[in-house]
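# Commentary on secondary and tertiary structure
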Amino acid sequence: MRILILCHAFNSLTQRLYVELAERGHALSLEFDVNDAVTREAVGLFGPDLVLAPFLKRAIPEDVWRRVPCLVVHPGPLGDRGPSALDWAVLEGAERWGVTLLQANGEMDAGDVWGSVPFAMREAPKASLYRHEVTEAAVAAVLDALERFAAGGKPTPVDPADPAVFGRARPAMRQADRAIDWSRDDTATVLRKIRSGDGMPGVRDRIGDREVSLFDARPEHSLRGTPGALVARCEGALCRATVDGAVWIGHLKPWDSEISLKLPAALVLGEEAARLPEAPGYRDLWYEEADGVGWLHFPFTNGAMSVRQCERLLAAYQAACRRDVRVIVLAGGDDFWSNGIHLNVIEAANSPADESWRTINAIDDLARAILTTGDKLTVAALAGNAGAGGVFLALAADRVWARGGVVLNPHYKGMGNLYGSEYWTYVLPRRAGEERARAVTEARLPMGAPEARRLGLLDEAFGRGVADFRAAVRDRARALAADPALPVLLEEKRRRRAEDEAVKPLEAYRAEELERMRLNFYGFDPSYHVARYNFTFKVPKSRTPLYLARHRILAPSWPSPAQRGR
Ligand code: COA
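Residues numbered from 1 in each chain as written. Predicted model: local features only at pLDDT ≥ 70, side-chain atom pairs only at ≥ 80, totals over all residues. Heavy atoms only, no water.

### A closer look at the sheet that holds strand β5 (residues 96-103)
Here is the rule: We call two strands paired when DSSP finds no fewer than two bridges between them. Helix numbering and strand numbering both begin at the N terminus, where a helix is a DSSP run of H or I of at least 4 residues and a strand a DSSP run of E of at least 2. Interaxial angle, 0 to 180 degrees, is taken between N-to-C directions of lines fitted to C-alpha atoms, where a helix line uses only the stretch in contact. The criterion used for residue contact is that any of the two residues' heavy atoms lie within 4.5 Å.
An order of β2-β1-β3-β4-β5-β6 is seen for the six strands of this open sheet, with the pairing classed as mixed. Whereas interior strands pair on both sides, the edge strands pair on one side only; in this sheet they are β2 (27-32) and β6 (113-120). For this sheet the average axis-to-axis angle between neighbouring strands, irrespective of direction, equals 20°. Alignment of strand β3 (residues 50-55) against strand β4 (residues 70-74), held across three bridges, turns out to be parallel. Looking at β4, one finds that Ala53 is bridged to Val72. Across the sheet, helix α1 (residues 12-23) lies against β1 (2-7), β2, β3 and β4, angled at about 145° from β3, the strand it touches most.

In structure tokens form, the structure reads like this:
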């Protein structure tokens, strides 16, 4: 089918649907919902069989939905309507929720239904639910609907008497709906309020004399204090007392300027945070060990890695290497494995160029430590997505395993033609071969697990959900550690590394990459700095890039990844 994807942004759900549909051989093109005229033009140029709208903030123009069936993904159960569906579900502590696929008509979220997939809610930030439960449900609903659409099926109106209809029309959530009253709200309420607006728009609040939005809230189990007062800090996070306990707040966005950046909380508060006593409790990096396997968990918010985070992870990795384990699993976080260098921290630095340089060197040091580990087998286990340098960092490991639904973005070019480092010029061709390596980095497109496997970027992809994946990784890693053939594997690994080193030293790869990166950071062309500014300040895109808007390229052809032999 010819499917035009219409979306506000090419976000994680849209990327996942894109790779699922491409995998099935559909002819895809994509347009950002910039305005009605652009949408009309895209439909005219592409002539789609249907329009799929996974993430829209505005209604589809009437002449478009009358002309072409438009399937809209709504992150709410049957009967639910409104722009803050998931926000309400989190705020009100719903136990079950769902995703509904509607055919657009004149009323927002009120069209006939192609399908609705329920799911159990989890205590987590809105964005995490979106990246997992909502995404899996949406993929199931869309794939099922497309089959029925192709067979001539039709959507059905919602029957209000149907017991499956447990949603209702809700207004857009306002800041007042999730405002925290620190003198009354208990920890569970504070967590629900902050999580209902996390990743965006956050909960607007005041800390001292600063107006901020709060993000990344986690419970604290022992610290106490006057409700609302800051009582401790841990890495970038701050601990704030509630009436019955305390919460950690990992990230803040200042409101005192027109435009602002989401940053580690302590960085935003500066002096005020520095005066707080340090206490453990905000866990973004930890090690555990079982059955000869060492596990490093590093659920850094948004998968972004600052100098400090890279250095802490390197120290934890080196400590793990000194343990009597045979396998080290680099587990990342549930939402992201890694998205490479921390662009927000870089943007906020006095010299973003210097901070970029320091950060890329810190992540390179970590990659080198993994690459040069000779006496353990290393496994990168991707439960969540990875992007840019985060993908190539994973490729430093001996084995790369991923959850079946992960989406990888193994390229840097989208960030102002950044050349990239993390020894990608060594690890990518080593796995994919020279030609495919070039194609991957030029493509700029997201990649699903099946394609990544065909290209050699992943060794295996398995598991439906995160828990399923983690359990399977545990079994496989345990089996590897117990494998009598492991010493032979390690011997082979050391031999291959030594051979590669003799052909071209790791440091030569790094020096060449960093030479190009130096130009990106300090050179005449400011593209990286402009792209980073636009990304971190979330400047809306004013047009769709041509690698997505295929209908804007003359004489297009749409081979599926399988047809391209990838
Ligand atoms: N540094 C800082 N923040 C990052 C980040 C990075 N490297 N990568 C992602 N984020 C943040 C986003 O700003 C967003 O923040 P929010 O919580 O305020 O919304 C959040 O992580 C989720 O990212 P988003 O872009 O919404 O997710 P996605 O699934 O739609 O897209 C990527 C994933 C990886 C394609 C996209 O995030 C990206 O291009 N990241 C930059 C990668 C990069 O260039 N790294 C530097 C070179 S190594």
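### Description of the site of the ligand
Put simply, the rule reads: The cutoff for a nearby residue is simple: one of its non-hydrogen atoms must lie within 4 Å of the molecule or strand. Pairs of N or O atoms within 3.5 Å make up the polar contacts considered here, provided that, within protein, one atom can donate a hydrogen while the other can accept it, and that residues adjacent in sequence are counted only when both atoms are side-chain atoms. Each accessible area is a Shrake-Rupley estimate made with a 1.4 Å probe; only the visible protein chains count as cover when residues are assessed. For this classification, Asp, Glu, Lys and Arg are treated as charged, while Ala, Val, Leu, Ile, Met, Phe, Trp, Tyr, Cys and Pro are nonpolar and the rest, including Gly, are polar.
Around the ligand, 25 residues are found, and the nearest of them are Lys262, Asn302, Asn339, Ile341 and Leu343. Between the ligand and Ser12, the relevant distance is 3.2 Å, taken from an oxygen atom to a main-chain nitrogen or oxygen of the residue. Here Ile341 contributes a backbone N or O atom positioned 2.8 Å from a nitrogen atom of the ligand. For the ligand, the accessible surface in isolation is 860 Å², of which the surrounding protein chains cover 85%. Elements with a minimum of two residues in the shell around the ligand: α1 and α11 (343-348). Class assignment for the residues of the shell around the ligand results in ten nonpolar, eleven polar and four charged.

### Some details on the packing of helix α12 (residues 352-371) against helix α19 (residues 506-522)
How two helices sit against one another is set out by the angle between their axes and by the gap between those axes. Worth spelling out the cut-off: Each angle receives one of four descriptions, namely roughly parallel if under 35 degrees, roughly antiparallel if over 145, roughly perpendicular if within 65 to 115, and oblique otherwise. Crossing handedness is read from the near helix: turned anticlockwise from the far helix by less than a right angle, it gives a left-handed crossing, and turned clockwise, a right-handed one.
As a packed pair, α12 and α19 sit with axes 11 Å apart at the nearest point and diverge in direction by 160°. Regarding the angle of α12 to α19, the classification is roughly antiparallel. In this structure, α12 meets α19 at a crossing whose hand is right-handed. Listed contacts from α19 to Ala353, Asp354, Ser356, Trp357, Ile360, Asn361, Asp364, Asp365, Arg368 and Leu371 of α12 are Leu506, Glu507, Arg510, Leu514, Met517, Arg518, Phe521 and Tyr522.

### Quick notes on the nonpolar core
To be explicit about the condition: We call a set of buried Ala, Val, Leu, Ile, Met, Phe, Trp, Tyr and Cys residues a nonpolar core when their side-chain atoms join them within 4.5 Å. Remark: exposure states derive from per-residue accessible area (1.4 Å probe, protein chains only) relative to the maximum for the residue type, with buried under 20%, exposed over 50%, and partly exposed in between.
Trp337, Leu382, Leu428 and Leu457 are the most contacted members of the largest nonpolar core, which totals 67 residues. With nine residues, α12 is the single largest residue contributor to this core. Excluding residues that lie within four positions of it along the chain, Leu382 makes contacts with Trp337, Ala394, Val400, Trp401, Ala402, Arg403, Val406, Leu408 and Phe469. Of all hydrophobic cores here, the second largest spans 40 residues; its members include Ile5, Leu50, Ala89 and Trp114.

### What to know about the pairing of β1
The condition that has to hold: By convention, orient the strands away from the viewer: a clockwise path from the first strand over the helix to the second makes the crossover right-handed.
Within β1, five of the six residues are buried, which leaves the element mostly enclosed by the surrounding structure. The sheet contact formed by β1 and β2 spans six bridges and is parallel. Looking at β2, one finds that Ile5 is bridged to Leu30. Taking the sense of rotation as the criterion, the β-α-β connection linking β1, α1 and β2 turns out right-handed. Pairing analysis gives four bridges linking β1 to β3, with the strands arranged parallel. Bridging from a neighbouring strand, Cys7 pairs with Phe55 of β3.

### What about the domain arrangement of the protein?
So the rule is basically this: Residue ranges for the domains originate in an automatic or database domain assignment. Throughout, the accessible surface (probe 1.4 Å) given up by two parts as they are put together, summed over both, is called the buried area. Any Lys or Arg side-chain nitrogen found within 4 Å of a carboxyl oxygen on Asp or Glu counts as a salt bridge.
Domain assignment breaks the protein into domain 1 (2-164 + 546-557), domain 2 (177-274) and domain 3 (286-466 + 488-522). Its C-alpha centre places domain 1 at a distance of 33 Å from the equivalent point of domain 2. The interface is formed by twelve residues belonging to domain 1 together with eleven residues belonging to domain 2. Taking both sides of the interface into account, the surface hidden between domain 1 and domain 2 amounts to around 860 Å²; carbon and sulfur atoms contribute 56%. Taking the shortest distance from any N to any O, the salt bridge between Asp87 and Arg178 comes out at 3.0 Å. Inspection of the domain 1/domain 2 interface yields six residue pairs in polar contact (both at pLDDT 80 or more).

### A look at empty space enclosed by the protein
Rules: Note on definitions: the grid is 1 Å and covers protein atoms alone; a cavity is a set of points where a 1.4 Å probe fits but cannot get out; a pocket is an open set with protein on both sides within 12 Å along at least five of seven lines; lining residues have an atom within 4 Å of a point. Grid points are joined across faces, edges and corners, and a volume is the space filled by probe spheres set on the points.
Tallied over the entire structure, the rule returns two cavities of 30 Å³ or more. Estimates place the volume of the largest cavity at around 100 Å³. Lining the largest cavity are 13 residues, and of these Arg131, Thr135, Asn385, Arg403 and Gly405 lie nearest its centre. Sorting the residues of the lining of the largest cavity by element identifies α1 and α5 (126-150) as the ones contributing at least two each. Here the lining of the largest cavity takes four residues from α5, the largest share from any one element. When its residues are assigned to classes, the lining of the largest cavity shows two nonpolar, six polar and five charged. If you count residues domain by domain, the lining of the largest cavity takes at least three from each of domain 1 (2-164 + 546-557) and domain 3 (286-466 + 488-522). In this structure, the second largest cavity spans a volume of roughly 30 Å³.

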